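Residues per chain, in single letters:
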Amino acid sequence: MQNRYVKNIFDKFKYYRLSIIITIAVLVILLIRYPTEACPDNARYILSAISQSLAALLALVFTITLVAAQMTRRYTAMDEIIFRSETTALMSAYGIGIILPVLMLKFGFWYKGVIVSICIAAFCVFSLFPFLRGVNTTLKEIGIANLVEEAEEALYLGFEAKAIHRVVELEEIGEDVVKRRREERAVQIVNGLASIGTEALDNNKKFEKLILRVVKILSRMGLQAANNKLDNAVLHVGEGLKDIGVKIAIKQWTSEMRSVIIGLERIGSSAAENGLNAKHSIVIGLWVLGAAVKEYLPGCAGDVKRSLKKLEENIDRELWNSCFVKAKDQINQIDALEIKYLYEFKEYYDGDGASY
């Protein structure tokens, strides 16, 4: 646990490594080349300029964070942007860089004061880019809820193109958070996409393009999450694709159903290869879809069977049997499905391969 905490801290501040390297280089140059007997007049000018410049930059940084917080339209944005550790650390550095030159002017520490103040100023200036990058990342992450809400509102009004645009934005954020192993945010995006997909399927209008896009995005995110060993994210992807797949089966959309099945198969294979516990959620989802296609879309039963056969090779028998039992429990909670179709699909699965 402690090693993981240290790793998270290191990952959070890894983009400041260049700033630290440049600051060290500036310090070495000053120690070698800066005269030990500094001219008081020159020192006064340098210290005064540094203090004023950093004060102006601090005002700029503070303004940027306030604007970013307002853009989120959330009352908790101040906590997530301004009071995060990265912002607090950088503003503290700026505060030291502003006050220290003034103290040096007061006490006349020309040589050491100039060197230390220039080094702090160098760090503050070159930290602006990683800081802005961090603000941008945080802004995108806390905007996830807004994007989901806007997509669902667009669906309610019948604007499929607008909803697809919001889904594409969620996809871009999702790829970034999975790459950076931000599992909590990845789960939030997955649940949001699943909610958009199920709401679109519940709508009387045919949002087939949106549904296919959501299925493909969830499949890609699930595969990326499995490769990055984000167990919980894979679990939620499996549940989301299962819920969407059941509704697709009811609507009898063959191509979209096959996309869901292929997505679950690929995610399940990757999860099994990486030893993730979430692979059971993929198997459960496929058993549920087996019952759904038997009841509503028999032409896809062979696709579900092939996917399950492939996953069965990498899962031990005890876990495999427990997945079937859990699938029965889930089907009993779905009004649109009858448990008898799961047993019929199981007979087909265990049979000689005859298709429907």
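Placed above this text is the structure.
Below or above, wherever it landed, is the structure these notes cover. These numbers were taken from a predicted model, which means no experiment stands behind them. (Residues numbered from 1 in each chain as written. Predicted model: local features only at pLDDT ≥ 70, side-chain atom pairs only at ≥ 80, totals over all residues. Heavy atoms only, no water.)

## Structural notes on the overall build of the protein
No. 1: Across its full length, the protein holds 17 helices and 0 strands.
No. 2: For the protein, the C-alpha radius of gyration of 28 Å lies well beyond 21 Å, the compact-globule estimate for 356 residues.
No. 3: Projected onto its principal axes, the C-alpha positions of the protein cover 95 × 45 × 25 Å.
No. 4: Across the 356 residues of the protein, 47% fall into the buried class. (Helix = DSSP H or I, 4+ residues; strand = E, 2+ residues; numbered from the N terminus. Rg over C-alpha atoms; globule rule 2.2 N^0.38 Å. Buried < 20%, exposed > 50% of the residue type's maximum accessible area, 1.4 Å probe, protein only.)

## Some words on the side chain of E256
No. 1: Within the secondary structure, E256 is located in helix α13 (residues 254–273).
No. 2: For E256, which is buried and forms no salt bridge, the nearest opposite charge comes from K216, at a distance of 9.3 Å.
No. 3: Setting aside residues no more than four positions away along its own chain, E256 makes contact with E208, L212 and I248. (Lys, Arg positive; Asp, Glu negative; His and termini not counted. Salt bridge = Lys/Arg side-chain N within 4 Å of Asp/Glu carboxyl O. Contact = heavy atoms within 4.5 Å.)

## Some details on the nonpolar core
No. 1: L193, L210, I248, M257, W287 and L308 are the most contacted members of the largest nonpolar core, which totals 77 residues.
No. 2: Ranked by residues supplied to this core, first place goes to helix α14 (residues 279–296) with 10 residues.
No. 3: Aside from chain neighbours lying at most four places away, what touches L210 is L155, E160, A163, I164, V167, I196 and A200.
No. 4: Grouped together as the second largest cluster of nonpolar side chains are 26 residues, A43, A69, L90 and Y94 included. (Core = buried A, V, L, I, M, F, W, Y, C linked by side-chain atoms within 4.5 Å.)

## Observations regarding the pattern of salt bridges
No. 1: With the rule as written, the count across this model stands at 14 salt bridges.
No. 2: Its salt-bridge partner being E150, residue R166 comes within 2.5 Å of it at the nearest N-O pair. Taken together, the residues R166 in helix α9 (residues 160–179) and E150 in helix α8 (residues 144–157) connect sequence positions 16 residues apart.
No. 3: Taking the relative accessible area as the measure of exposure, R166 reaches 16% and is therefore buried.
No. 4: Between R317 and E312 there is a salt bridge; the shortest N-O distance is 2.6 Å.
No. 5: For E312, a relative accessible area of 17% gives the class buried.

## Focus: the layout of surface pockets
No. 1: By volume, the second largest pocket is sized at about 270 Å³.
No. 2: Broken down by secondary-structure element, the contributors of at least two residues to the lining of the second largest pocket are α7 (128–142), α8 and α9. (1 Å grid on protein atoms, 1.4 Å probe; cavity = no way out; pocket = protein on both sides within 12 Å on 5 of 7 lines; lining within 4 Å. Points joined across faces, edges and corners; volume = space filled by probe spheres on them.)

## Concerning the packing of aromatic side chains
No. 1: Evaluation of the coordinates by the stated rule reveals 8 aromatic pairs.
No. 2: Judged by centre distance (5.8 Å) and plane angle (80°), the rings of W287 and F345 are edge-to-face. Of the two residues, W287 sits in helix α14 while F345 sits in helix α17 (residues 339–350), which places them 58 residues apart along the sequence. Just as W287 is buried, F345 falls in that class too.
No. 3: The interplanar angle of 75° and the centroid separation of 6.2 Å between the aromatic rings of F324 and Y343 together place this pair among those described as edge-to-face. Linking F324 in helix α16 (residues 317–332) with Y343 in helix α17, this pair joins segments that are 19 residues apart in sequence.
No. 4: F324 sits in the buried class, given a relative accessible area of 11%.
No. 5: The class for Y343 is partly exposed, based on a relative accessible area of 38%. (Phe/Tyr/Trp six-rings, centres within 6.5 Å; stacked < 30°, edge-to-face > 60°.)

## A word on helix α5 (residues 85–107)
No. 1: Compared with an ideal rise of 1.5 Å per residue, which puts 23 residues at 33 Å, α5 spans 32 Å between its outermost C-alpha atoms and is within 8% of the ideal.
No. 2: Listed in full, the buried residues belonging to α5 are E86, T87, L90, A93, Y94, G97, I98, L100, P101 and M104.
No. 3: Just past α5, the residue G108 takes up positive phi, approximately 75°. (Expected span 1.5 Å × (residues − 1).)

## A word on a nonpolar patch on the surface
No. 1: A cluster of nonpolar residues, I20, I24, L27, V28, L31 and I32, forms a patch on the protein surface that exposes about 550 Å² of accessible area.
No. 2: Residue position: L31 is located in helix α2 (residues 17–33). (Patch = residues over 30% accessible without salt bridge, like charges linked within 9 Å, V, L, I, M, F, W, Y side chains within 5 Å. Areas by Shrake-Rupley, 256 points an atom, 1.4 Å probe, with all protein chains shown as cover.)

## Comments concerning unusual backbone geometry
No. 1: Backbone geometry at R181 places phi at a positive 60°, although glycine is not the residue there.
No. 2: If you trace the backbone, R181 turns up in the loop between α9 and α10 (183–202).
No. 3: Note on R181: relative accessible area 42%, which makes it partly exposed.
No. 4: Phi at Q252 takes a positive value of approximately 60°, unusual for a residue other than glycine.
No. 5: Within the element layout of this structure, Q252 appears in the loop between α12 (231–251) and α13.

## Focus on the side chain of S117
No. 1: Within the secondary structure, S117 sits in helix α6 (residues 110–126).
No. 2: Once residues within four sequence positions are removed from consideration, S117 is found in contact with L47, I50, L100 and P101.

## So, the environment of A49
No. 1: Relative to the helices and strands, A49 is located in helix α3 (residues 40–71).
No. 2: Sequence-wise, A49 and P101 are 52 residues apart; in three dimensions their C-alpha atoms are separated by 9.1 Å.

## Observations regarding the packing of α14 against α17
No. 1: Running from N to C, α14 and α17 point in directions that differ by 100°, and their axes come no closer than 8 Å. Relative to α17, the element α14 is oriented roughly perpendicular. Mapping the contact onto sequence places W287, G290, A291, K294 and E295 in α14 and Y341, L342, E344, F345, K346 and Y349 in α17.
No. 2: Its residues placed into classes, the contact of α14 with α17 shows 6 nonpolar, 1 polar and 4 charged. (Axes fitted to C-alpha atoms, helices over the stretch in contact; angles between N-to-C directions. Parallel < 35°, antiparallel > 145°, perpendicular 65-115°, else oblique. Nonpolar A, V, L, I, M, F, W, Y, C, P; charged D, E, K, R; others polar.)

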